[in-house]
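# Summary of structural features
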Amino acid sequence: MLLKKLSEAYGVSGDEGNVRSLLRTELQDYAEELTTDSIGNLYVKKGLGKKPRVMLAAHMDEVGLMVVGFEKSGLLRVTAVGGLDHRVLVSKPVVVGNNHVPGVIGAKAIHLQKPQERKKPLEIDNLYIDLGVQSQEEAEKLVKIGDYVAFRSSVNEIGENCLLGKAFDDRAGCAVLAEVMKADFDLELTGVFTVQEEVGLRGAGVAAFNVHPEAALVFEATSAADVAGTKEAGHVTQIGQGPAITIMDSSFITPQYMIDLAVKTAEKLGIPYQFRRLTTAGTDAGQISQTHEGIPSLVISIPCRYIHSPATLINLDDYQNTIRLAKGILKAIEEGGLPCEGTA
Amino acid sequence: MDSIERFLKEICEAPGVSGYEQPVAQLIKAGMRDYADEVREDRLGNLIFFKKGTGENRPRILLAAHMDEIGFMITKIEENGFLRFAPVGGIDPRTIVGQEVLIYAKERLHGVIGAKPPHVTSDEERNKAYELEEMFIDVALPEERVRKLVSVGDIVIIKREVIKLAGSTVSGKAMDDRAGVAVLLVCLQELARLQHCADVYAVATVQEEVGVRGATTATYGIVPDIGVAVDVTHGDMPGVPEHETCRLGKGPGITIGPNIHPTLGEELIRVAKEYNIPYQLETAARPTGTDARAIQVSRGGIPAGLVSIPLRYMHTSVELLDLADVKMSGRLLAYFVAAVDMAFVEGLSCC
């Protein structure tokens, strides 16, 4: 399963090579042109010369850590790459560097803690990666400063049609994009697998400049907070309720005609959908929409519980419905052209 | 992977929360029975491997390592099928957020421990550790099915495979004290080629984590002359003074202090020196949190000793130790056992 392979691959922001080569292999038989750029984005082109030109994007990178120093004992000091909740880090297995050296993030045993210590979260400054070595010299033989650190977890099907694993943000989006690129449309399509989204949407702007599309669709994974102890008003999205359409976040406001395109398509095809009910955080659309003289964009997300942790949860119906909706939208563009201000 | 590593991996990955040790007990029995003359279980669930000595007047030695692990128990099924839970044994709640778990319900369910998501959390809350009360287990099933499958009281463990790290180190859950059980196996293997006068009762005990209960009934039933517990001790780690820890890979910790019979402590040290087995002295000014605590005051008082494997991150799911220490501990115990005769036992009464 492509999604499983993508999720289990290691690719912290700035180190997306493993994911890129997986996708290159997956799509080389479908692409008319397959290229990369200097920052690491992967471009998959189909229907060259057709009209209109549409860009589809999903980011390859995941949140993780980076090695910033050694203790004499051989423990590694780390810093966060991307927005991590430091409270989920402790007591997790990780892999370090290009050779995927295994390690664990340890914590002082409960027996040795003072009661007031237990009330404070373990900050990243107080966390270490333990490779099982006895000294800095031994550690330096295995890893180096600047090595990327990724969570180590495998994908499993759990509960009712759900997947549990890491990095569905945004490998689920990558899988959606890959599946869409396998279908044929009477459009010039450029699927871009972007880099460095998690550290500030760094890859997408470059890609949008290079592709210069007339419109863009971004496939994402977004927070689902439909869990015990959270009021419905704070759910943002709910798993199993269909793809989520973004209206506004910190980086981007969706043009109404793009929202209408998504909603009408979903309703016509009987695909469940929901709006993403939060106005903060950002996606690649924030950069894409501000490139050149402005590119109308749309963000469709798979709801994801426990996002940015080693064990995130998505619903497979949501995943399939996101693929259906994406294809439906491209079909609608193929048939009715791109919507613009005033069309609705 | 050698046979000890394979055995340790197998038993660490198995479930066996305090009071519910049966699954791991089966594996331990299968892995160790060939090295014992007789295997039996007592009423509380202790698994006793008996190996007969060669002497005419044979002292009885109890070797105890606990096979139970810390875990959780389901306490409530919430609306929408989320599960609340309570710890079994001492757990730092900060180490369990985002962990994958296995729930032993009517069928085994795979879930994840969640807590209030960060974006709906205030900055103030983010500077506070997650508390157990705000956590839940998500099995991604509708409430109706959860209610059919899960009962209050069902047992939960963290899902974690043993990971091989640098050198001979390994990491996983329940190394405390399945590593001690592996030490018993090494000891029995060594004893197969050593002459020993004493009868040996190697016991995988139950319910240590909730109050050293298995060791209590095992000692009562076996009536040993000497009891040595095998457990884990804190390895060196940042934020903990060096004198409170043992170094990984530098051999077993041998404990001295009021919980330990002075002559037994000295004898373990003497044996380590005689056979060139590296060891580290560990001081315990109070009763230890190990089976030795129960052994010492069972029946009319049993001389107790304690051999420990250095281990980092105790009671988390990434407990880390060096297999070399497991092997050295097993050898130390075997040579210790081989040196015990009735004269030694008689010398243990305080004059």
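Once a new chain begins, its residue numbering starts again from 1 and follows that chain's sequence as written. Each chain takes a letter, starting from A, and each ligand takes a number, starting from 1, following the order in which they are written. In keeping with the predicted nature of the model, local features appear solely for residues at pLDDT of at least 70, side-chain atom pairs appear and are counted solely at 80 or more, and the whole-chain, interface and lining totals rest on all residues.

For interface size, the figure often reported is the accessible area lost on association. Residue and element names in this part refer to chain B. Partitioning chain B into structural domains gives domain 1 (3–69 + 173–346) and domain 2 (71–158). Here the limits of each domain have been adopted from an automatic or database domain assignment. A separation of 33 Å is found between the C-alpha centroids of domain 1 and domain 2. A pair of residues counts as a contact when their C-beta atoms, built from backbone coordinates, are separated by no more than 7 Å. With 11 residues of domain 1 at the interface, the matching set in domain 2 holds 13 residues. Each residue is assigned to one of three groups, with Ala, Val, Leu, Ile, Met, Phe, Trp, Tyr, Cys and Pro labelled nonpolar, Asp, Glu, Lys and Arg labelled charged, and all others, Gly among them, labelled polar. Taken together, the residues that form the side of domain 1 that touches domain 2 break down as four nonpolar, four polar and three charged.

Listed by partner, the interface residues are 52 residues for chain B and 54 residues for chain A. In this description a helix means any DSSP run of H or I spanning at least four residues, a strand means any run of E spanning at least two, and both kinds are numbered starting from the N terminus. Secondary-structure elements contributing two or more residues to the side of chain B that touches chain A are β7 (108–114), β8 (136–138) and β11 (169–172) of chain B. Tallied by class, the residues present in the side of chain B that touches chain A amount to 24 nonpolar, 18 polar and 10 charged.

In this section: the domain arrangement of chain A. Residues and elements named next belong to chain A. Splitting chain A by domain gives domain 1 (2–62 + 166–336) and domain 2 (64–151). Taken over C-alpha atoms, the centre of domain 1 sits 31 Å from the centre of domain 2. At the interface, 12 residues of domain 1 touch 13 residues of domain 2. Tallied by class, the residues present in the side of domain 1 that touches domain 2 amount to four nonpolar, four polar and four charged.

Okay, the sheet that holds strand β7 (residues 101–105) of chain A next. The pairing of strands in a sheet happens through backbone hydrogen bonds and is either parallel or antiparallel. Residue and element names in this part refer to chain A. Pairing between strands requires that DSSP locate at least two bridges from one strand to the other. Pairing in this closed barrel of six strands is antiparallel, and the strands run β4-β5-β8-β7-β6-β9 around the ring. If you compare each strand with its neighbour and ignore which way they point, the axes differ by 45° on average. Note that strand β4 (residues 64–70) and strand β9 (residues 148–151) share two bridges and pair antiparallel. Bridging across to β9, M66 finds its partner in Y148. Each axis is a line fitted through C-alpha atoms, taken for helices only over the stretch in contact, and angles between the N-to-C directions span 0 to 180 degrees.

Residues and elements named next belong to chain A. Summarising the element assignment, V199 is placed in the loop between β12 (188–194) and α5 (202–211). Residues with at least 20 neighbouring C-beta atoms inside 10 Å of their own are called buried, those with 12 or fewer are called exposed, and the rest are partly exposed, where every C-beta is derived from the backbone. Among the residues examined, V199 registers 17 C-beta atoms within 10 Å and is labelled partly exposed. Distance in space between the C-alpha atoms of V199 and D61 is 9.2 Å, their sequence separation being 138 residues. Setting aside its immediate chain neighbours within four residues, V199 contacts S13, V81 and G82.

All names here are of chain B. Tracing the chain through its elements places Y104 in strand β6 (residues 100–104). By C-beta crowding, Y104 is classed as partly exposed, having 18 other C-beta atoms within 10 Å. Taking the C-alpha atoms as reference, Y104 lies 15 Å from P87; in sequence the two are 17 residues apart. Discounting residues that sit within four places of it in the chain, Y104 has contacts with P15, D154 and I155.

It is worth spelling out the packing of helix α6 (residues 256–269) of chain A against helix α8 (residues 316–336) of chain A at this point. All names here are of chain A. Viewed as axis vectors pointing N to C, α6 and α8 meet at an angle of 110°, and their least axial separation amounts to 9 Å. On the basis of the axis angle, α6 is roughly perpendicular to α8. Counted together, L261, A262, T265, A266 and L269 of α6 and R324, L325, G328, I329 and A332 of α8 form the full contact between these two elements. Residues that form the contact of α6 with α8 fall into these classes: seven nonpolar, two polar and one charged. For classification purposes, angles smaller than 35 degrees are called roughly parallel, those larger than 145 roughly antiparallel, those between 65 and 115 roughly perpendicular, and all remaining angles oblique.

I314(A), L63(B), V183(B) and L333(B) are the most contacted members of the largest nonpolar core, which totals 227 residues. Residues contacting I314(A), with those up to four places away along its chain left out, are C162(A), L163(A), F168(A), A172(A), A221(A), I239(A), I302(A), P303(A), C304(A) and Y319(A). By convention in this section, buried Ala, Val, Leu, Ile, Met, Phe, Trp, Tyr and Cys residues joined through C-beta atoms within 7 Å make up a nonpolar core.

An α-helical segment advances 3.6 residues per turn. Residues three or four places apart therefore align on the same side. Helix span is expected to be 1.5 Å times the residue number reduced by one. Counted at 1.5 Å a residue, the expected span for helix α4 (residues 168–182) of chain A with its 15 residues is 21 Å, and the 20 Å between its end C-alpha atoms agrees. Within α4(A), 14 of the 15 residues are buried, which leaves the element mostly enclosed by the surrounding structure.

Moving on, we get to the sheet that holds strand β19 (residues 312–315) of chain A. Residue and element names in this part refer to chain A. Read across the sheet, three strands follow the order β10-β11-β19 without closing on themselves; strand pairing throughout is antiparallel. On the outer flanks of this sheet lie β10 (156–158) and β19, each paired with one strand and no other. Strand-to-strand twist in this sheet, taken as the mean axis angle between neighbours without regard to direction, amounts to 35°. As paired strands, strand β11 (residues 162–165) and β19 are joined by four bridges and run antiparallel to one another.

Its 17 residues give helix α9 (residues 323–339) of chain B an end-to-end C-alpha distance of 25 Å, which sits within 8% of 24 Å, the value for a rise of 1.5 Å per residue. Burial of α9(B) is extensive: 14 of the 17 residues sit out of reach of the surface.

Glancing now at the pairing of β4(A). Residues and elements named next belong to chain A. Relative to strand β5 (residues 76–81), β4 runs antiparallel, the two sharing six bridges. Note on β5: the bridge partner recorded for F70 is L76. Where β4 folds back onto β5 in an antiparallel hairpin, the turn is made up of five residues, including G74, whose phi is positive at roughly 100°.

Excluding glycine, residues mostly have negative phi values, and the peptide bonds linking residues are mostly trans. All names here are of chain A. K51 connects to P52 through a cis peptide bond whose omega is -15°. Tracing the backbone through its elements, the reader meets P52 in the loop between β2 (42–46) and β3 (53–59). With phi around 50°, H100 is a residue other than glycine that occupies positive phi space. Tracing the sequence through the fold places H100 in the loop between β6 (93–96) and β7. For H100, a count of 12 C-beta atoms within 10 Å corresponds to the exposed category.

The next point concerns the pairing of β7(B). Residues and elements named next belong to chain B. The buried fraction of β7 amounts to five of the seven residues, a majority that puts the element mostly inside the structure. Bridge analysis of β6 against β7 gives five bridges, and the strand direction is antiparallel. When the sheet's bridge partners are listed, I103 is paired in β7 with L109. Here β6 hands over to β7 after three residues, the two strands then running antiparallel side by side. In this structure, β7 lies alongside β8, joined through three bridges in antiparallel fashion. Residue pairing in the sheet places G114 in a bridge with F136 of β8.

All names here are of chain A. Look at helix α2 (residues 17–27) against α4: their axes get within 10 Å of each other, and the N-to-C directions meet at 20°. Considering the angle they form, α2 stands roughly parallel to α4. Crossing geometry of α2 relative to α4 is assigned as right-handed. For the pair α2 and α4, the contacting residues are L23, E26 and L27 in the first and C174, A178 and M181 in the second. Crossings are classed by handedness, with left-handed meaning an anticlockwise turn of the near helix from the far one by less than a right angle and right-handed meaning a clockwise turn.

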